[in-house]
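The chain contents come next:
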Amino acid sequence: MIINTFRKQLARATLSIFCMGTVFISCMATNPPYTVKHLGDNQSIIRIEDAAKYLLIPIEEKAEESWIKMVVNNQEVQSMHIRLAVNQIDYYVPVDLSAFTGKSVLFHFHNIADSAMGWKELKLSDTFDTANREHYRPVYHFSPQWGWMNDPNGMVYKDGEYHLFYQHNPYGSMWANMHWGHAVSKDLVRWEHLPVAIAPDALGAIFSGSAVVDKDNTAGFGKDAIVAFYTSAGSRQTQSIAYSLDNGRTFTKYEGNPVVTSDIPDFRDPKVIRHEPSGKWIMILAAGQEMQFYSSSDLKDWKMESSFGEGQGAHGGVWECPDLIELPVEGTNEKKWVLICNLNPGGPFGGSATQYFVGSFDGKRFVNESPTTRREPLPQWMDWGKDHYATVTWSNAPDNRNIAIAWMSNWQYANQVPTQQFRSSNSVPRDLSLYTFEGETYIKNTPSKELESIRGKAINQASFKVDRTHNLDDLLKDNKGTYELEMSFSNQDAEVIGFQLFNNKGEEVNCYYNLTENKFSMDRNKSGLVDFSPEFPAVTSAPVTSGKELKLHIFVDKASIEIFGNDGRFAMTNLVFPSEPYNRISFYSKGGSYTVSEFRVFPLGI
Ligand code: FRU
């Protein structure tokens, strides 16, 4: 257990606890002895002299949030919200003290009973154990080493590295204390974790945003600076800038922050792009239930140009995390602009989802080209599962690629999913393009080709006919729950092409293509652990825009299933929490028969 490992860790500092007025209690229960001073009214202070690298804080997720102020030499240096263990310890989180070596650090806790067990279980340590021991930790999807993650942020490519920043709580596995976490990768699949990039300050927590490479030094921060834009979430939401001159390893916050303000309360998630035809930078901001467009020559002074949203698409909740990209239309020389609008709640199956609009953009105004003529229910969803949110793309990606990544969860239950040391992971990276079907233009998501580098040896099945049912046992010999399936179906006369992925515990995911309704569905009602939230059990469905044939490309990674249909014409991402990997598949047909003309499984691993 992580906790036992922490207990063994050698601490070298002294932590003092003072109890009730002048009564001094030295708590010898842990190594080293430490003391707390309780101040009444559920407030207490702790002083640490000559600290170790970390103060390790025991967390209980059901405990109330307490507020902690960290004070050095009488000045507040940081504050955070923490659920200090009251009755039991779920896991530990580290507070990094390395910046204060040789100094005396005081912690002032608010809103924690003097009787909380956590007071006796704080640790000082030079190490923090991040080894993964969790059943549901993904292998090839990015997840934080510890703590909470939501939206991907500031994704930018520079000097051979893909940067991924993300909404991060380093002090617990539930949403709070938003920082920008940071990781880099050369191939979008193998990630190196780096220290937190941007931490909260007097202007507020660090909410979502984007980053660009300022190749021509338009902002004056330096040539090729990475300039990051984020929402300072204080008592109001305003937009701020930070820049990095060392490839994202350190950021300096701009002294003129905030750079964009408004009187709208939900005003956030700046996405900045370069618009070459107008020679301007464009910022798109989510403002209530619309997107606002601003332009700038120097990344600091922004002029509002227009807004988009009224009467367009879904409005079941606030619009968040915009993106604006120009994509080629398959089979033509044309390009169209796509406005990505994440929405929460109001998704097609409840909670969060990513909608998009295809149209034109002239540097000032976005025009949606097909608001009223879509065949399937308005609006268009980029992914037809429940767990695909806050989708945004990499800035400056090589070879004109448009690579997106999403947070693989849903605000309906993101804080309750059954993991502990970490919570949430991202989708696989996906390359975006456009295709046309019956006069309408849609997004195509295809898993990025880099994922092929983690394939093990393929296991192929000869083609087989399904007339009623056909079972395949043992998909993989030693199934670790991380694999990829490729299947092609050619239809004779079936009305339903279906299959269940299942395990020996009777847990299953049922997928079926209903040819009468042109709908592909995934049912996770019996997929394993489902009762941690009433919103979790679900059937999700996607419209199929390609007739009788069906080709599926499926990625499974411990607790997620991502299905790409017909070369990415539809995508469906759903979390699942099986007690053991699904290692069997049972095909079924209704109303006729079909042939599985291709069937291939790859074990995946890094
Ligand atoms: C979307 C979102 C953003 C916000 C961030 C806060 O999931 O609500 O709008 O910036 O999360 O963590």
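Please read these numbers as outputs of a predicted model, since none were measured by experiment. (Residues numbered from 1 in each chain as written. Predicted model: local features only at pLDDT ≥ 70, side-chain atom pairs only at ≥ 80, totals over all residues. Heavy atoms only, no water.)

### Here's the deal with the site of the ligand
Working step 1: In the neighbourhood of the ligand, the contacting residues comprise N150, D151, Q167, W175, M178, F207, S208, R268, D269, E320, Y389 and W411.
Working step 2: Within the side chain of D151, a nitrogen or oxygen atom sits 2.7 Å from an oxygen atom of the ligand.
Working step 3: Within the side chain of W175, one N or O atom sits 2.9 Å away from an oxygen atom of the ligand.
Working step 4: Within the complex, 95% of the 320 Å² of free accessible area of the ligand lies under protein. (Near = heavy atom within 4 Å. Polar contact = N/O pair within 3.5 Å; in protein donor to acceptor, adjacent residues only side chain to side chain. Areas by Shrake-Rupley, 256 points an atom, 1.4 Å probe, with all protein chains shown as cover.)

### So, the layout of surface pockets
Working step 1: Computed from the structure, the largest pocket encloses a volume of approximately 1,200 Å³.
Working step 2: Residue lining of the largest pocket: 41 residues in total, with Q78, P170, Y171, H179 and V196 positioned closest to the centre.
Working step 3: Broken down by secondary-structure element, the contributors of at least two residues to the lining of the largest pocket are β6 (75-82), β7 (91-96), β11 (161-169), β12 (179-185), β13 (191-198) and β14 (205-214).
Working step 4: Here the lining of the largest pocket is composed, by residue class, of 24 nonpolar, 12 polar and five charged.
Working step 5: Counting contributing residues, the lining of the largest pocket receives three or more from each of domain 1 (8-125) and domain 2 (147-413 + 424-447).
Working step 6: In this structure, the second largest pocket encloses a volume near 810 Å³.
Working step 7: If you trace the second largest pocket, you find 29 residues lining it, with I273, R274, E276, S395 and N396 closest to the centre.
Working step 8: Looking at the lining of the second largest pocket, the elements that each hand over two or more residues are β14, β18 (267-275), β22 (318-328) and β23 (335-344). (1 Å grid on protein atoms, 1.4 Å probe; cavity = no way out; pocket = protein on both sides within 12 Å on 5 of 7 lines; lining within 4 Å. Points joined across faces, edges and corners; volume = space filled by probe spheres on them. Helix = DSSP H or I, 4+ residues; strand = E, 2+ residues; numbered from the N terminus. Nonpolar A, V, L, I, M, F, W, Y, C, P; charged D, E, K, R; others polar. Domains from an automatic or database assignment.)

### Here we look at the nonpolar core
Working step 1: One finds F293, L339, F489, F520, I561, F587 and F599 to be the most contacted residues of the largest nonpolar core, which totals 57 residues.
Working step 2: Among the elements that make up this core, the one with the highest residue count is strand β42 (residues 584-603) (six residues).
Working step 3: Each of domain 2 (147-413 + 424-447) and domain 3 (455-603) gives at least three residues to this core.
Working step 4: Those residues in contact with F520 that sit more than four places away from it in its chain are C511, Y512, Y513, T540, S541, A542, V544, L550, L552, I563, F570 and M572. (Core = buried A, V, L, I, M, F, W, Y, C linked by side-chain atoms within 4.5 Å. Buried < 20%, exposed > 50% of the residue type's maximum accessible area, 1.4 Å probe, protein only. Contact = heavy atoms within 4.5 Å.)

### Things to note about the packing of aromatic side chains
Working step 1: A full pass over the atoms with the stated rule returns 41 aromatic pairs.
Working step 2: Site record: aromatic cluster; members linked through ring pairs are F142, Y157, Y162, Y166, W191 and W394.
Working step 3: The side chain of R455 reaches across the aromatic face of F602, ending 4.0 Å from its centre.
Working step 4: A cation over an aromatic ring shows up here: R524 above the ring of F536, its NZ or CZ 3.6 Å from the ring centre. (Phe/Tyr/Trp six-rings, centres within 6.5 Å; stacked < 30°, edge-to-face > 60°. Lys NZ or Arg CZ within 6 Å of the ring centre and 35° of its normal.)

### Description of the pairing of β18
Working step 1: A large share of β18 lies buried, amounting to eight of its nine residues.
Working step 2: Across seven bridges, the pairing between β18 and strand β19 (residues 280-287) is antiparallel. Counted as the bridge partner of I273 is I282 from β19.
Working step 3: Counted along the chain from β18 to the antiparallel partner β19, the turn is four residues long, and its residue G279 has a positive phi close to 65°. (Pairing = 2+ DSSP bridges.)

### Section: the environment of N566
Working step 1: Relative to the helices and strands, N566 is located in the loop between β40 (560-565) and β41 (570-575).
Working step 2: By relative accessible area, N566 is classed as buried at 8%.
Working step 3: Considering only alpha carbons, one finds N566 and P543, 23 residues apart in sequence, at a separation of 12 Å.

On their own, these measurements won't tell you what the molecule is for.
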